[in-house]
Amino acid sequence: RAYTPLSERLDGAQHRRETPALFAVCPMSGLKSSEDRRRERELEEARKAGTIPAERDADGNEINPHIPQFMAQAPWYLNAEGPGLKHQKNLKQKGQVASATDFKPRGQKAGPAATYFRKGACTNCGAMTHSTKDCVERPRKKGARYSGKDIKPDEVTVDMAYDYAGKRDHWAQFDPAAHMDKIRAHEAEAEVRRKAAQQKKLGELAARERKRERRGKGKEGGEGDSATDTDTDGSVGPSDDEKVDEAEQVIIGQDVKAPAGKAKASVRNLRIREDTAKYLLNLDVNSAYYDPKTRSMRDNPLRGSALADASTFAGDNFQRATGDAVQMAQLQLYEFEAYEKGQSMQMNADPTTVEMMNKIYREKKEKLKDTRSNKILEKYGGQQHLAAPPKELLFAQTEDYVEYDRSGGLRAGKEKAVAKSRYEEDVLEQNHLAVWGSHFDTTTFRWGYADDHSTLRNSYSTGAAGRRAREMAAAALSAPAAAA
C-alpha cells in the first residue's frame, strides 16, 4: 500500500471525523496501539509545520506545539482533564507579610480566666497558650492541674509572617512615649539636686555670717572694723567654684523644644564646662597624638613637664591597665621567664598551653607557700588563733528565720526547703521501688535499678528474689574463672 502524506489525507470533514479517533486506546490493555502513536506523531508534525491549527487548552488558549512533552504533559497525580499549562503556574496564594512597623501585641489577655482545668493546658498555671516547659509563672508546689485554683487567663497569640527587615528589627515594639518618663525622672532628680545645692549654699552663707559676727564682737576699735571690712570684702559674692556649680545645675535642667513643639526634653552636656579637652592640655606639636575620630589620646600629653603630677589625665593607656590586659601581661612575663629556663612555649601559637602551665605554676607556688606556713605552725603552734569564729558567735546574730510555739518548741524555719525542678522526678515504673540509675553494676559497668539490680531499662521488677538470682548467676560465672 502506498504511503499518503497526512496533509493530503486530512482535509475538511474527514479531518473532523478522524481527529477523535487519533486518541483511541486498546480496549483490552488500556494502552495506545502502534497505529494510534503513529497518528499522534503525524498530527504533532503537522501542527509544528503549521498545516493544521494548534491545540487549545480548557480556557481556549492555543498551546505552542514546540513546547517539549515533559513540560506540556501534566503529572498523573494532578488528574488533569485536558491538555494545558496550568500545572506550570504557582497557584499558591501568597499570604500577607508583616513589615517592621507592624505591631504584635505581647502580654495581652485573650479573655477572663477559666474556672476549671482544661485538658492540654499548662499544668503549672492552667493557660492553654503555652506548655509547662515554656511557662514563665513561678513553679507552684501544687500546680493548677491538681489544685484547680488560680488558673491564669490565656495570652493573645498572633501568627504574623515577617519580612527580612521585620525579623531583624531590634527596636520592635518600642514605645517612644516610655522614653519621656525617663526624661521626666531625670528632670525631677536634677531639680532635687539643685534645691539641695541651694540649701547647702544658704547654710554656708549663714555660718559665714555668724562667724563674722563673732569676730566683730571679739575685736575693738579700728582693728576690729578693718578686719570686719576685710572679711566682708573677701566674702562678697559667690566663689568661682560656686559659680561653676550653679551654671552646671542650670545646664543640666535645660529644656529643649521638640520640632513639633509638643514635648520637651532635658539634655546633659557631653563634657563639664570646666574640664579641659585632651588636645588642649599640651599644644606642642611633638606631644601625644590625638585621634579626632575616636577622641582618644593614648600617651600622656604632659609627660616630663612640671604639670604632670597635678594633671588628672595621664593618657588612655593608663586607664586600660586593668582587667584582662593585666592578666595577658602576666602570661607574657611567664612565657619570657619560662623561655629563659629552657622551656619552649609560644603565647600566640598555643595560648591554652601557656595558660595551663601558668595555672599549674601558680598552684605549685601556693602549695609551697602553704607548706612553709604549715611547717612554721607545727614548730611554733598558734593554729587556733588563725581560725575565725563562726558568724553566730562573732556577731551574736543570724539571718536564719526560726519560728517557735508558746512552749518553746520548734515550729518551722530550721529545715531548708528542697529545690525541685519543673521536670518529673522520682517516677517509679514497671512495679520498681527505685528509679532508673539508682544502681551501678561494677562487673558490667552498666546502670540499673537498686531494688532488683536489673540493668535492663523498662524491665519488670522481680524484687529481692530477682536480685538474689542475679547475684547467684554472677557468682556462678566467676567461679570457673577462680577455679582455673
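> How would you explain the overall build of the chain if you had to name every residue and give the values?
If you tally the helices and strands in the chain, you get 14 helices and 8 strands. In the chain, buried positions account for 14% of the 484 residues. Within the structure as shown, the chain displays about 40,000 Å² of accessible surface, and the carbon and sulfur contribution to it stands at 53%.

> Describe the packing of aromatic side chains, with residues and values.
One pass over the full model with this rule turns up 6 aromatic pairs. Measuring from centroid to centroid gives 5.7 Å for Trp 76 and Tyr 77, while their planes differ by 85°, and the two rings are edge-to-face. There is no split in this pair, since Trp 76 and Tyr 77 are both exposed. What links up through ring pairs into an aromatic cluster is the set Phe 440, Phe 445 and Trp 447.

> So what's going on with the pattern of salt bridges? Residues and values would help.
Using the criterion set out here, one finds 17 salt bridges in the structure. A salt bridge links Glu 35 to Arg 39, with the shortest nitrogen-to-oxygen separation between them at 3.6 Å. A residue pair is termed a helical-turn pair when its members lie 3 or 4 positions apart in one helix, as Glu 35 and Arg 39 do in helix 3 (residues 34-49) at 4 residues. What makes Arg 39 partly exposed here is its relative accessible area of 31%. In this structure, Glu 44 engages Lys 48 in a salt bridge whose closest nitrogen and oxygen atoms are separated by 3.5 Å. On the criterion of helical spacing, the pair formed by Glu 44 and Lys 48 is a turn pair, its members being 4 residues apart in helix 3. A relative accessible area of 41% places Glu 44 in the partly exposed class. Lys 48 gets classed as partly exposed once you look at its relative accessible area, which sits at 40%. One salt-bridge network, held together by shared partners, links Glu 35, Arg 38, Arg 39 and Glu 42.

> Report on helix 11 (residues 324-340), specifying residues and quantitative values.
The terminal C-alpha atoms of helix 11, which comprises 17 residues, lie 25 Å apart, in line with the 24 Å expected from a rise of 1.5 Å per residue. Taken together, the buried positions of helix 11 are occupied by Leu 331, Tyr 334, Glu 335 and Ala 338. Along the long axis of helix 11, the arc covered by the buried residues comes to 105°, so they all point the same way. Contact partners of the buried residues in helix 11: helix 12 (351-380). The positive-phi residue at the C-terminal boundary of helix 11 is Gly 342, with phi of around 105°.

> I'd like a description of the side chain of His 439, backed by residues and values.
One can find His 439 in strand 7 (residues 439-441). Classification of His 439 as buried rests on a relative accessible area of 17%. What His 439 contacts, discounting residues up to four positions off in sequence, is Arg 446, Trp 447, Gly 448, Tyr 449, Ala 450 and His 453.

> Mind laying out the confidence of the model for the chain, listing which residues take part and the relevant values?
Summary statistics for the chain give a mean pLDDT of 78 and a share of 76% for residues scoring 70 or more. Of all helices and strands in the chain, the one with the weakest mean pLDDT is helix 9 (residues 240-252) (45), whereas helix 5 (residues 144-147) scores best (93). Below a pLDDT of 50 lies the segment residues 226-258, which in the model reaches 40 contacts outside its immediate sequence neighbourhood of four places, other chains included. This model gives residues 265-269 a pLDDT under 50, and the stretch forms 19 contacts once residues within four places in sequence are excluded.

> Before we move on, could you go through the nonpolar core and cite the residues and values that matter?
Listed in full, the 6 residues of the largest apolar core are Leu 331, Tyr 334, Ala 338, Met 345, Met 347 and Val 354. It is helix 11 that contributes the most residues to this core, 3 residues altogether. Once residues within four sequence positions are removed from consideration, Tyr 334 is found in contact with Gln 343, Met 345, Val 354, Met 357, Asn 358 and Tyr 361.

Conventions we followed
Residues numbered from 1 in each chain as written. Predicted model: local features only at pLDDT ≥ 70, side-chain atom pairs only at ≥ 80, totals over all residues. Heavy atoms only, no water. Helix = DSSP H or I, 4+ residues; strand = E, 2+ residues; numbered from the N terminus. Buried < 20%, exposed > 50% of the residue type's maximum accessible area, 1.4 Å probe, protein only. Areas by Shrake-Rupley, 256 points an atom, 1.4 Å probe, with all protein chains shown as cover. Phe/Tyr/Trp six-rings, centres within 6.5 Å; stacked < 30°, edge-to-face > 60°. Salt bridge = Lys/Arg side-chain N within 4 Å of Asp/Glu carboxyl O. Expected span 1.5 Å × (residues − 1). Arc of directions from axis to C-beta. Contact = heavy atoms within 4.5 Å. pLDDT = per-residue confidence, 0-100. Core = buried A, V, L, I, M, F, W, Y, C linked by side-chain atoms within 4.5 Å.

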